[in-house]
Amino acid sequence: MTTLRDALRELPESVFADLLESEDAYRIVLDLPGVTAETAELRVERGRLVVEARREKAIPASFAYVDEGRSLFIDAELPLPPDATGAGASAEVERGVFTITLPKRDAAAGETIPITSAGDDA
């Protein structure tokens, strides 16, 4: 699990993450401001959690960027502990906070993780 902890520390500065563990699952909480269930894809591939997301950014017509520090795209790959699997994984998003639960058991080949939207992200 040290590899996953190290990878979480190396996420882009605009992404914050927590890692939790129970007897039967891992939980990763990712703060992805501006990202919704419709603009994100989460999947498990070859022992890694793959995050591909796009932010929604509204810019008033009368303004132009002086400095653009929030990228539109967020891509990350996080190595998972050997006993984490995408089979039966779930994710929920509420106000840009993604809670991803990955069961512990034998690894599956590759699984897309369904994301449900809680609250006003719809």
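Criteria and thresholds
Residues numbered from 1 in each chain as written. Predicted model: local features only at pLDDT ≥ 70, side-chain atom pairs only at ≥ 80, totals over all residues. Heavy atoms only, no water. Phe/Tyr/Trp six-rings, centres within 6.5 Å; stacked < 30°, edge-to-face > 60°. Lys NZ or Arg CZ within 6 Å of the ring centre and 35° of its normal. Patch = residues over 30% accessible without salt bridge, like charges linked within 9 Å, V, L, I, M, F, W, Y side chains within 5 Å. Areas by Shrake-Rupley, 256 points an atom, 1.4 Å probe, with all protein chains shown as cover. Salt bridge = Lys/Arg side-chain N within 4 Å of Asp/Glu carboxyl O. Helix = DSSP H or I, 4+ residues; strand = E, 2+ residues; numbered from the N terminus. Buried < 20%, exposed > 50% of the residue type's maximum accessible area, 1.4 Å probe, protein only. Pairing = 2+ DSSP bridges.

*Asks:* I'd like a rundown of the packing of aromatic side chains, residues and numbers included.
*Replies:* Summed over all chains, the structure comprises zero aromatic pairs. The cationic tip of K104 hangs over the ring face of Y26; the distance from NZ or CZ to the ring centre is 4.8 Å.

*Asks:* How would you summarise a nonpolar patch on the surface if you had to cite specific residues and measurements?
*Replies:* Taken together, the side chains of I59, F63 and Y65 present a nonpolar region at the surface, about 330 Å² in accessible area. The topology assignment puts F63 in the loop between β4 (48-54) and β5 (73-79).

*Asks:* Describe in detail the pairing of strand β6 (residues 90-94), supporting the description with residues and values.
*Replies:* Both faces of the sheet carry side chains from a regular strand, because those side chains alternate between them. Along β6, the buried face is formed by A91 and V93; none of S90, E92 and E94, which line the opposite face, is buried. The pairing of β6 with strand β7 (residues 97-103) spans five bridges and is antiparallel. In the sheet register, E94 faces β7, and the bridge partner there is V97. If you look at the hairpin formed by β6 and β7, you'll find two residues sitting between the two strands, and R95 has a positive phi there, around 55°. When β6 meets strand β9 (residues 115-117), the two strands line up parallel, connected through three bridges. In the sheet register, E92 faces β9, and the bridge partner there is T116.

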